[in-house]
Amino acid sequence: MSDTVVFQWMPEWANTPAMQSGFGLITVASLALLAHLFFRPVLLHILRYLTEKSPIQWDDILIEQRVWQRLLIVLPLLVARVGLQWVPVYNPALHSFFARFIEACLVLVAARTIDAVLSSINEIYRRAPLADRRPIKSYIQLIKLLMYVVAGILIVARLSNQSPWFFIGGIGAMTAVLMLVFKDTLLSLVASVQLTNNNLLQLGDWIEMTQFNADGDVIDIALNTVKVQNWDKTVTVIPAHKFLEHSFKNWRGMHESGGRRIKRAVYIDTTSVRFLSEAEIKHFSRFLLLRSYMESKVDELRSYNAQYDSDPDLIINARRLTNIGTFRAYIINYLKTHPMVNQGMTQLVRQMHPTPEGIPLEIYAFTNDTRWAVYEGVQGDIFDHILAIAPNFGLRIYQRPSGRELDYRDDSQ
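About the thresholds
Residues numbered from 1 in each chain as written. Predicted model: local features only at pLDDT ≥ 70, side-chain atom pairs only at ≥ 80, totals over all residues. Heavy atoms only, no water. Salt bridge = Lys/Arg side-chain N within 4 Å of Asp/Glu carboxyl O. Helix = DSSP H or I, 4+ residues; strand = E, 2+ residues; numbered from the N terminus. Buried < 20%, exposed > 50% of the residue type's maximum accessible area, 1.4 Å probe, protein only. Phe/Tyr/Trp six-rings, centres within 6.5 Å; stacked < 30°, edge-to-face > 60°. Lys NZ or Arg CZ within 6 Å of the ring centre and 35° of its normal. Patch = residues over 30% accessible without salt bridge, like charges linked within 9 Å, V, L, I, M, F, W, Y side chains within 5 Å. Areas by Shrake-Rupley, 256 points an atom, 1.4 Å probe, with all protein chains shown as cover.

Colleague: Help me understand the pattern of salt bridges in this model?
Modeller: Pairing between side chains of opposite charge can happen when the charged atoms of each approach one another. Under the criterion given, the structure shown has 14 salt bridges. The partner of E362 in a salt bridge is K263, with the nearest N and O atoms 3.4 Å apart. One end of the pair, E362, is in strand β8 (residues 359-367); the other, K263, is in strand β6 (residues 260-268), with 99 residues separating them in the sequence. Under the relative-accessibility criterion, E362 is labelled buried at 5%. Taking relative accessible area as the criterion, K263 reaches 41% and is therefore assigned partly exposed.

Colleague: Is there a simple way to think about the packing of aromatic side chains in this case?
Modeller: Two numbers describe a pair of aromatic rings. These are the distance of the centres and the angle of the planes. Tallied over the full model, the rule gives 12 aromatic pairs. Residues W206 and W231 carry aromatic rings whose centres are separated by 5.4 Å and whose planes lie at 80° to one another, so their mutual orientation is edge-to-face. Placement of W206 in strand β1 (residues 206-209) and of W231 in the loop between β3 (225-230) and β4 (235-239) is noted, with a sequence separation of 25 residues between them. Between F284 and F287, the ring centres sit 5.4 Å apart and the planes meet at 90°, which makes this aromatic pair edge-to-face. Exposure class is identical for F284 and F287. Each is buried. Three or more aromatic residues link up through ring pairs in this structure, and these residues are F284, F287, F327, Y330, Y334 and F393. Lying over the aromatic face of Y375, R260 brings its terminal NZ or CZ to 4.7 Å of the ring centre. In this structure, R264 is placed above the aromatic ring of F383, and the distance from its NZ or CZ to the ring centre is 5.1 Å.

Colleague: Sorry, what's going on with a nonpolar patch on the surface here?
Modeller: Taken together, the side chains of L31, L34, F38, F39, V42, L43, I46, Y49 and L50 make up a nonpolar region of the molecular surface, amounting to roughly 830 Å² of accessible area. Relative to the assigned elements, F39 resides in helix α1 (residues 17-53). Exposure remark for F39: the relative accessible area of 41% places this residue in the partly exposed category.

Colleague: What should I look at first to understand unusual backbone geometry in this one?
Modeller: Trans is the common state for peptide bonds, and a negative phi is the common state for residues other than glycine. Unusually for a residue other than glycine, N213 sits at a positive phi of about 55°. Among the structural elements, N213 can be located in the loop between β1 and β2 (214-221). Located in the positive-phi region is K233, a residue other than glycine, with phi close to 75°. Here K233 is to be found in the loop between β3 and β4.

Shape is all these values report; function is a separate question.
Here's what the structure looks like:
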């Protein structure tokens, strides 16, 4: 107000414009402080009480994210801004600066309140079933970034008493510099959008990215970074744009398929491979897992040898069963009856190219439980049985000599 207010109850020396303006500012500041220290806590207490009584959950999240705490800071600022209109003006420039400063503070409070509201939206969404597949944290962070840029421009414009378009025009001239400064942020923004929209990455995915020694579960997808908790409980932080520059392995498909692959070989000593005798054929025909196989195979070979008039006394003239082939058939039937092997997925027991370590007999199958500990237990049980049953077929599992064999030979002598 431009008119000078005369306080009749004040002494004459205090009725000067400077003293009246100072007294008015002190009064407004006191009222604003009273609103901050008394009315704001009372309102917060009422809001917390109503939140506790409410059956819905989203209002609890608003309290957790401090939405009301930040919003109610507006109360003392509004008191100060309205009260400033009644303070006698002694120095117009100073009075104008106080008004603009309070308005800039209101913009800052509004920005921080919107920040808290956006965080609440993200938290509410994070608890939804869709959140793991389509996280929105990177989008929320982008909106926050843009919102703070706009708030910063408005605050600077208000404090300097300039139009916001004045600074926006200056930013246009500095676009190249801003792109250089925020290069990683812009790249990460594009990467986050592509990772999310193309469903390449989700919270909880097990990924491997050897370039960054990352091997574990994705625990956070943000605008600039992706956090991976490795199996040793360390955390690797990877820039989001690196996922578009480098290859990575995502094991989500394995979990969704319901089967985890077993692909391991045992090496058979080549010198232990031989044909089966008649006594061994009768012996293996008693095996429950081999009974039907032996019957069909014996009939097939008998028919073949009779067709070509093969002399059964000469091994080279006839087809015969081998111990390694029978062993392979046994493993196949063993996998087909195993309760922890996924019967709807591929099962193979294949003989691979011989090596100096022997003949690789590779087992290729899938467990019906993808959990790591269960998978390792099932795989261990299968190979425990294979290693233990191999001698029953007259086969030896290859093991590189260690020198202990000579000790055993000396002991036997």
